[in-house]
Structures are given as structure tokens and as C-alpha cells.
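Residues per chain, in single letters:
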Amino acid sequence: QVQVVESGGGLVHPGGSLRLSCEATGDISGIHHTGWYRQAPGKQREVVAGINGAHSTTYGDFVQDRFGISRDNSGTTMYLFMNNLKHDDTARYYCNYRGLSSGLRNFDAWGQGTQVTVSS
């Protein structure tokens, strides 16, 4: 079983910055893809950013060069650097890991999320 924990959320003024962190632990043999998602009240969950096995990154259209995703070499620790935050960035941010556990079993693990609130 794989456990995922996010941290780093909080209250920030418009134009401010935050760094979110995420760590996966447990039965992990390899990681294919990691990503950050967010969900605001009354809205569907949307992709914020992702990194695949080749370390290629993708971002949601709304990011507009304001955010950066990175992860360590093991793939188990991931970050989301957020700059120039806007009110519309207020949401609960989740991280996701997809990979292989022992016995070549696929896993798709989510954390409980961390709240980001952008308010003046």
C-alpha cells in the first residue's frame, strides 16, 4: 500500500507565493507519473501540473508560467512552486502518484490534500 501526504498550504495574499510538498511512502518499486491537481468548491478537480517518467512536465492552461513542478530522483518527493497567486487559485490541492508496487502491481495513490487560500 502507498501513502501520500501533502503539506505547505495556507493563506496567502494575491501576488504571493507558496511551495507545496508531497511525499509518497510504502510499497513503491517504481513511479511512472506524478502530478498535482486542485479542486475548488463547486468545481471539478483539474490538473495543475504533472511529471512523467522521462521527467517531462505539463501544466494546466491557467498556470501561465506561474507554477513549477519538480520531484527528487526517487520520485517519491514532489514539489509545486506557486508564484503570483490569484484569488482563482484558491482550492484544495492534491498530489497523485502512479507506479508499481512489489509483484508488479500498479498503484494509483492520492493524498488528502492541502488547502490553499488566496485572499486579501
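Predicted model only: the values in this text are computed from it and were never measured. Numbers given to residues run from 1 along each chain, matching the order in which its sequence is written. Predicted model: local features are reported for residues with pLDDT of at least 70 only, side-chain atom pairs are reported and counted for 80 or more only, and whole-chain, interface and lining totals are derived from all residues. The side-chain figures draw on all heavy atoms in the structure; neither hydrogens nor water molecules are used.

1. Quick notes on the overall build of the protein
Logical step 1: In this text, helices come from DSSP runs of H or I with a minimum length of four residues, and strands from runs of E with a minimum of two, each type numbered from the N-terminal end. Of regular secondary structure, the protein possesses zero helices and 11 strands.
Logical step 2: Counting from the amino terminus, the protein carries its helices and strands in the arrangement β-β-β-β-β-β-β-β-β-β-β.
Logical step 3: The reference for a compact globule is 2.2 Å times residues^0.38; the radius of gyration itself is calculated from the C-alpha atoms. A compact globule built from 120 residues should have a C-alpha radius of gyration of about 14 Å, and the protein, at 14 Å, falls within 12% of that.
Logical step 4: Each principal axis of the C-alpha atoms in the protein carries an extent, and together these give about 50 × 25 × 20 Å.
Logical step 5: Within the protein, the fraction of its 120 residues that count as buried is 43%.
Logical step 6: We call two residues in contact whenever any of their non-hydrogen atoms come within 4.5 Å of each other. Partitioning the intrachain contacts of the protein with sequence separation of at least 6 by distance along the chain shows that 55% fall at a separation of at least 24.
Logical step 7: Summed over its atoms, the accessible surface of the protein is roughly 6400 Å², and 46% of this surface lies on carbon and sulfur atoms.
Logical step 8: This count recognises Lys and Arg as positive and Asp and Glu as negative, with His and chain-terminal groups excluded. Here the site of a charge means atom NZ of a Lys, CZ of an Arg, CG of an Asp or CD of a Glu. Separation between the mean location of the 10 positive side-chain charges and that of the 10 negative ones in the protein comes to 2 Å. Partly exposed describes any residue whose relative accessible area lies between the buried limit of under 20% and the exposed limit of over 50%, with all areas from a 1.4 Å probe on protein chains only and scaled to the type maximum. The Shrake-Rupley method, run with a 1.4 Å probe sphere, supplies the accessible areas, and residue values consider only the shown protein chains as cover.

2. Here we look at the state of the cysteines
Logical step 1: Sulfur atoms of two cysteines make up a disulfide when they are within 2.5 Å. Across all of its chains, the model carries one disulfide by this definition.
Logical step 2: The disulfide partner of Cys22 is Cys95, and the S-S distance across this bridge is 1.7 Å. Its S-S torsion of approximately 55° makes the covalent link between Cys22 and Cys95 right-handed. In this pair, Cys22 is assigned in strand β3 (residues 18-26) and Cys95 in strand β9 (residues 91-101), connecting sequence segments 73 residues apart. Just as Cys22 is buried, Cys95 falls in that class too.

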